Every structure is written in C-alpha cells, then in structure tokens.
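Structure at a glance
What follows is the residue order along each chain.
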Amino acid sequence: MMLNRENAIGLVLLLLCGAVALVLLFSIATGTRFHFEGPSWVGTALVILFIAGTIYGFLIRPGRRWSWPWNRDKDQDERDRP
C-alpha cells in the first residue's frame, strides 16, 4: 500500500520536489526569475525537517530490526565445518 507509515518521508519529499518543479517550470515558461518574499524562517524549517527526516529514516526504521547484512554461520566455507 502506498500510504503506509514507512512511506511518509518519501511522500513528503516527493511533494516538496513537485512544488519546486512547478515553480521552476513556471519561471522558465514566463521568462521571469523566482524570488521568495515569504518569511525567512521557512528555509530554516525546511532544512531542520530534512535533517530530522534523514535521521528518522536511518536510525528509527519502523518495522525493521537492526542487524548485520550477513549471517556469520552462512559465510563459513563448507570445508571449515566439522
């Protein structure tokens, strides 16, 4: 299912990229330059949101357990086994 909790960060980033793409395409089509005139805290909030999402994605990983990518028992040679 696309709307799982695990996909929330990806969907937020996809929406953000889509909004930026629309603004850039509008600027290209009209031949104007985009100048953001909103509050200055929005940029800081987006950076904090991005860093928090990155930490969430790497450390929390809901529904998964932290484990090594290999199993030591399976990496042994057949001849090393008794």
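Calculation notes
- Residues numbered from 1 in each chain as written.
- Predicted model: local features only at pLDDT ≥ 70, side-chain atom pairs only at ≥ 80, totals over all residues.
- Heavy atoms only, no water.
- Helix = DSSP H or I, 4+ residues; strand = E, 2+ residues; numbered from the N terminus.
- Buried < 20%, exposed > 50% of the residue type's maximum accessible area, 1.4 Å probe, protein only.
- Areas by Shrake-Rupley, 256 points an atom, 1.4 Å probe, with all protein chains shown as cover.
- Expected span 1.5 Å × (residues − 1).
- pLDDT = per-residue confidence, 0-100.
- Contact = heavy atoms within 4.5 Å.

1. Considering the overall build of the protein chain
- Tallying secondary structure elements over the protein chain gives 3 helices and 0 strands in all.
- Classification of the 82 residues of the protein chain by burial places 4% in the buried group.
- On the protein chain, roughly 8,100 Å² of surface is accessible, and the fraction owed to carbon and sulfur atoms is 66%.

2. Let's talk about helix 1 (residues 8-30)
- The first and last C-alpha atoms of helix 1 sit 33 Å apart over 23 residues, in line with the 33 Å expected at 1.5 Å per residue.
- Among the residues trailing helix 1, Gly31 stands out with phi positive, at a value near 75°.

3. Thoughts on the confidence of the model for the protein chain
- Chain-level statistics for the protein chain give a pLDDT mean of 77 and a share of 68% at 70 or above.
- Averaged over each element, pLDDT in the protein chain is lowest for helix 3 (residues 72-75) (50) and highest for helix 1 (90).

4. Concerning the side chain of Ser27
- One can find Ser27 in helix 1.
- If we skip the residues at most four places from it in the chain, Ser27 touches Thr32 and Phe34.

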